[in-house]
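Geometric and topological summary
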Amino acid sequence: MGILSKGLASKGLTSKGFTRSLLLAPLLVLGGLSAPAMAEDAKASNYANSAAGKALIRELADEGLDAERVRDVLATAERQEPILEAIARPAERVLTWGDYRKIFIRDTRIEQGLTFWQENRALLQRAEDKFGVPAEIIVAIIGVETSYGRNKGNWRVVDALATLGFDYPPRADFFRRELAHLFRLEQEAGIDAATVRGSYAGAMGMPQFISSSYRAYAVDFDGDGKIDLIDSVADAIGSVANYFKAHRWQTGLPVAARARVTEDRDATLFGTEYRLGELTLEHANQRGATALSCADGHRYCFDLPGDTRVAALELEGEQGQEFWLTTHNFYVITRYNHSHLYAMAVMQLSRELADRMPD
Ligand SMILES: [Ca+2]
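Presented here is a report on the structure given in the accompanying data block. (Residues numbered from 1 in each chain as written. Predicted model: local features only at pLDDT ≥ 70, side-chain atom pairs only at ≥ 80, totals over all residues.)

**Some points on the overall build of the chain**
Of the regular secondary structure elements, the chain holds 17 helices and six strands. When burial is assessed residue by residue, the chain has 44% of its 359 residues classed as buried. For the chain, the share of sequence-separated contacts (at least 6 apart) that also reach a separation of at least 24 residues comes to 74%. (Helix = DSSP H or I, 4+ residues; strand = E, 2+ residues; numbered from the N terminus. Buried ≥ 20, exposed ≤ 12 C-beta atoms within 10 Å, placed from the backbone. Contact = placed C-beta atoms within 7 Å.)

Structure below.
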């Protein structure tokens, strides 16, 4: 969560990159990497002995963590090339909405979602009552992230965070901070930093929380005294709901509506990049875009006051261009994963589930 869609790995999108790197690796070796160069590479990936690694150990020791433990775990961390390859090309940046949608809005994910909902009905109701977040949104998030816990990721989190924190300059600071949080989390929540597994970006458990989010927003929703997003469905459900509440989900506010646009609409109104600015529904109307009304029987519709803040979004769908007006709650979904494609997939999956769920 937060940065990437881990669910994609199971659909072969990112594994394409993995396969290629595995195929290329032997060629590179045969292609003349000398033995000394390889030895140097091995040394370079000894994160515990690097300057940045030592700084991290010192920082955590100063907070009172066991320096020996941090050093020992860090010494086992391995640089993973496929992770560096995958992070450079997340699906959100290479797919159109039409292609992205097909991955998530499909019969299997909908049917499994209905089963998950039925099996956890009481928990989901309790989360909805307590946090004000609808069950279908919670189910859709867990469905998009891990296919309801089926695909929680197989990378050692310490490998993922060390690889990205020490060897991926564009976001090294972010991932090194997440690595530090992993060790704090070990102390607080009983997560084993040496063995816990997750996505290639270090996200953990059914809802794919990165370590800072785990520490800040995960809750013990089954009351056993531990916060366990890996094996406790209850904790996963409560934590997703708490995350949304903390990011100011507004109970009852629709997420998005399709828009009708005029030929002479303001060309600057719709962007392919999502941003929530100062636009209101009334302004959007004046500039040539109207949200479809539910009174006309449209599926993605709303009837909201003119001063409602919205963001206009143009997407390349399977059937051509789609125009959308999205609310504050769409923005809240992007706090879970910054991609507007992700937020749209969560919203549509939640709608498919809610429409099919028997009372
Ligand atoms: Ca628990």
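Continuing now.
**Let's talk about the pairing of strand β5 (residues 311-317)**
In this structure, β5 lies alongside strand β6 (residues 320-326), joined through seven bridges in antiparallel fashion. Looking across to β6, one finds that L315 is bridged to E322. Here β5 folds back onto β6 in antiparallel fashion, the turn holding two residues. (Pairing = 2+ DSSP bridges.)

**Details of the pairing of strand β3 (residues 256-261)**
Two strands pair when backbone bridges link them, and β3 and β6 are joined in this way by three bridges, in the antiparallel orientation. Residue A257 lies in a different strand from β6, and its bridge partner there is L325. In this structure, β3 lies alongside strand β4 (residues 289-291), joined through three bridges in antiparallel fashion. Each bridged residue has a counterpart across the sheet, and for R260 the counterpart in β4 is T290.

**Considering helix α8 (residues 107-119)**
Across its 13 residues, α8 extends 18 Å between first and last C-alpha, which sits within 8% of the 18 Å expected from 1.5 Å per residue. Within α8, the full set of buried residues consists of R109, G113, F116 and W117. Looking down the long axis of α8, one finds its buried residues gathered within 100° of arc, a one-sided arrangement. Facing away from the buried side of α8 by more than 90 degrees, the exposed set consists of D107, T108, E111, T115, Q118 and E119. Summarising the contacts, the buried residues of α8 are in contact with α7 (97-104), α9 (121-131), α10 (135-146) and α17 (340-356). (Expected span 1.5 Å × (residues − 1). Arc of directions from axis to C-beta.)

**Side note on the environment of F104**
Structurally, F104 can be placed in helix α7. You can call F104 buried: it has 24 C-beta atoms within 10 Å. Between the C-alpha atom of F104 and that of A345, which follows or precedes it by 241 residues, the distance is 6.5 Å. When sequence neighbours within four positions are dropped, the list of residues in contact with F104 reads R109, V144, A345 and L349.

**A look at the environment of Y336**
For Y336, the location among the structural elements is in the loop between α16 (328-334) and α17. Under the C-beta neighbour-count criterion, Y336 is labelled buried, with 24 such atoms within 10 Å. C-alpha separation for the pair Y336 and I141, spaced 195 residues apart in sequence, amounts to 8.9 Å.

**What to know about the environment of E188**
Along the chain, E188 falls in helix α12 (residues 172-189). C-alpha of E188 to C-alpha of R215: the two residues are 27 residues apart in sequence and 8.2 Å apart in space.

**Comments concerning the packing of α7 against α17**
Running from amino to carboxyl end, α7 crosses α17 at an angle of 45°, the nearest separation of the two axes being 10 Å. Relative to α17, α7 is oriented oblique. Remark: the crossing between α7 and α17 carries right-handed chirality. Of the residues in α17, those in contact with W97, Y100, R101 and F104 of α7 are L341, M344, A345 and L349. (Axes fitted to C-alpha atoms, helices over the stretch in contact; angles between N-to-C directions. Parallel < 35°, antiparallel > 145°, perpendicular 65-115°, else oblique. Left-handed = near helix turned anticlockwise from the far one by under 90°.)

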